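# Report on the structure
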Amino acid sequence: GTRYQQVKRALHAAVPDRLHAREKEMGIIRQFLQEHVCGRRPGSLYISGAPGTGKTACLSRVLLDCKDELARSKTIMVNCMSLSSPQSVFPAVAQELGLPSATSRDSVRRLEKQLTAQGPVVLLVLDELDQLESKGQDVLYTLFEWPRLPNSRLVLVGLANALDLTDRGLARLGARPAGSPQLLHFPPYTREQLTAILTDRLGQVDGDPVLDAAALQFCARKVSAVSGDARKALDICRRAVEVVELEVRSQTLLKPLPSGE
């Protein structure tokens, strides 16, 4: 039972110590943070990719690895899925900066004043950024304009599923020189990459493998053909282990007692 628990923990979709096939993307994120946060240069980065392609995991890994380098800055992370409306992102950020609560319009003015005053660099990470789309895209335009304000100390990183969000919803940003955010796209995982991810996770548990190599190949092939979603592949394998665990427990319970007992 303990062994099955260890395998299921290894297959959990947490942030791993190493992320396969994402070295290039992690390098770009690391370089961006070093140039803009450590170099005190305001700017924005837009990370796109389908669910399960490693966007949030890679950024979280880089933030952990660069924790000492980023210690002098203020990091704010907001999952936009948890917000009640696009406009509520402004009070949420204001609260993180210790500003008094106010309406979204007042929050925007106070935030702009705060982000252009003296102080440490503010790294604002907005996950599920496409939840902030609104009529006229006023919320997104406001956020991506902040790093370009005079004396701004904001570095903005947005993550979303949509590849064309900046082209479709933020076209006006590109009208100015160096106006558009830097773009980074995460492609779906291939069969080989998914196989490597599953093999690496299961290799963290000592002993004979619980899941057959052919089964991992089969899972990786099916998932890559549909979505390339690593979380889905991990979830399928974890469910398979749960099925095996239940079967083994059932067999143990039904096993006849030795004679004489």
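Conventions and cut-offs
Residues numbered from 1 in each chain as written. Predicted model: local features only at pLDDT ≥ 70, side-chain atom pairs only at ≥ 80, totals over all residues. Heavy atoms only, no water. UniProt positions renumbered as here; feature names shortened; annotations may be inferred. Helix = DSSP H or I, 4+ residues; strand = E, 2+ residues; numbered from the N terminus. Rg over C-alpha atoms; globule rule 2.2 N^0.38 Å. Contact = heavy atoms within 4.5 Å. Areas by Shrake-Rupley, 256 points an atom, 1.4 Å probe, with all protein chains shown as cover. Lys, Arg positive; Asp, Glu negative; His and termini not counted. Charge placed at Lys NZ, Arg CZ, Asp CG, Glu CD. Buried < 20%, exposed > 50% of the residue type's maximum accessible area, 1.4 Å probe, protein only. Pairing = 2+ DSSP bridges. Domains from an automatic or database assignment. Buried area = accessible area lost by both parts, 1.4 Å probe. Polar contact = N/O pair within 3.5 Å; in protein donor to acceptor, adjacent residues only side chain to side chain. Core = buried A, V, L, I, M, F, W, Y, C linked by side-chain atoms within 4.5 Å. Salt bridge = Lys/Arg side-chain N within 4 Å of Asp/Glu carboxyl O. Axes fitted to C-alpha atoms, helices over the stretch in contact; angles between N-to-C directions.

Per an unreviewed UniProt entry, the protein goes by the name CDC6 protein and belongs to Eurystomus gularis. The protein has a UniProt comment under Sequence similarities (unreviewed entry) that states "Belongs to the CDC6/cdc18 family."

We now examine the overall build of the protein. Helix and strand counts for the protein stand at 10 helices and 5 strands. By the compact-globule yardstick of 18 Å for 261 residues, the protein is too spread out, its C-alpha radius of gyration being 23 Å. With the C-alpha coordinates aligned to their principal axes, the bounding extent of the protein is approximately 85 × 35 × 35 Å. Put simply, of all contacts in the protein between residues at least 6 apart along the chain, 79% involve residues at least 24 apart. Looking at the protein as shown, the accessible area adds up to about 14,300 Å², and 52% of this sits on carbon and sulfur atoms. Each charge sign in the protein was given a centre, from 34 positive and 29 negative side chains, and these centres are 5 Å apart.

Counting buried positions along strand S3 (residues 122–127) yields 6 of 6 residues, so the element is predominantly enclosed. Of the two faces of S3, both are covered, the one formed by Val 122, Leu 124 and Leu 126 as well as the one formed by Leu 123, Val 125 and Asp 127. As judged from the 6 bridges shared by strand S2 (residues 74–79) and S3, these two strands associate in the parallel manner. Its bridge partner being in S3, Thr 75 is matched across the sheet by Leu 123. Here S3 pairs with strand S4 (residues 154–160) via 5 bridges, running parallel. Within S4, the position partnered with Leu 123 by the bridge is Val 155.

Looking at the element boundaries, Leu 246 is found in helix H10 (residues 230–254). On the basis of relative accessible area, Leu 246 is assigned to the exposed category, the value being 59%.

Attention now moves to the domain arrangement of the protein. Parsing the protein into structural domains produces domain 1 (1–15 + 189–253) and domain 2 (23–185). Between the C-alpha centres of domain 1 and domain 2 the distance comes to 34 Å. Listed by partner, the interface residues are 6 residues for domain 1 and 7 residues for domain 2. When domain 1 packs against domain 2, close to 500 Å² is buried across both sides, 55% of that on carbon and sulfur atoms. Area buried by domain 1 at its contact with domain 2 is led by Val 15, Tyr 189 and Arg 231, which between them contribute 76% of it. Counting across the domain 1 and domain 2 interface gives 1 residue pair in polar contact (both at pLDDT 80 or more).

What follows is about the nonpolar core. Membership of the largest hydrophobic core comes to 30 residues, with the highest contact counts inside it found for Val 89, Leu 124, Leu 126, Leu 129, Leu 132 and Leu 143. Looking at this core, the elements with two or more residues in it are S2, helix H4 (89–96), helix H5 (104–115), S3, helix H6 (138–145) and S4. No other element matches the 5 residues that H4 contributes to this core. Here Leu 126 is in contact with Val 78, Cys 80, Val 89, Leu 132, Leu 143, Leu 156, Val 157, Gly 158 and Leu 159, once residues within four sequence places are set aside. Counting 22 residues, the second-largest nonpolar core is a separate cluster that includes Leu 19, Leu 33, Val 62 and Val 155.

Turning our attention to the pattern of salt bridges. Per the counting criterion, the structure on display carries 11 salt bridges. Between Arg 148 and Glu 145 there is a salt bridge, and its shortest N-O distance comes to 3.6 Å. Since its relative accessible area comes to 23%, Glu 145 is described here as partly exposed. Between Arg 238 and Asp 235 there is a salt bridge whose closest N-O contact spans 3.0 Å. With a gap of 3 residues between them, Arg 238 and Asp 235 both fall in helix H10, about one helical turn apart. Residue class for Arg 238 comes out buried when judged on its relative accessible area of 17%. Several salt bridges share partner residues, and in doing so they unite Asp 17, Arg 30, Arg 61 and Asp 65 into one network.

Before going further, it helps to spend a moment on the sheet that holds S2. Here 5 strands make up an open sheet; going across it, the order is S2-S3-S4-S1-S5 and the pairing parallel. Each of the sheet's edge strands pairs with one partner strand only, and the pair in question is S2 and strand S5 (182–186). Ignoring which end each strand starts from, the neighbouring axes of this sheet average 15° apart. Relative to S4, strand S1 (residues 43–49) runs parallel, the two being bridged by 6 bridges. Residue pairing across strands places Tyr 46 opposite Gly 158, the latter belonging to S4. Sheet contacts for helix H3 (residues 55–65): S1, S2, S3, S4 and S5; angle to S4, the most-contacted strand, approximately 150°.

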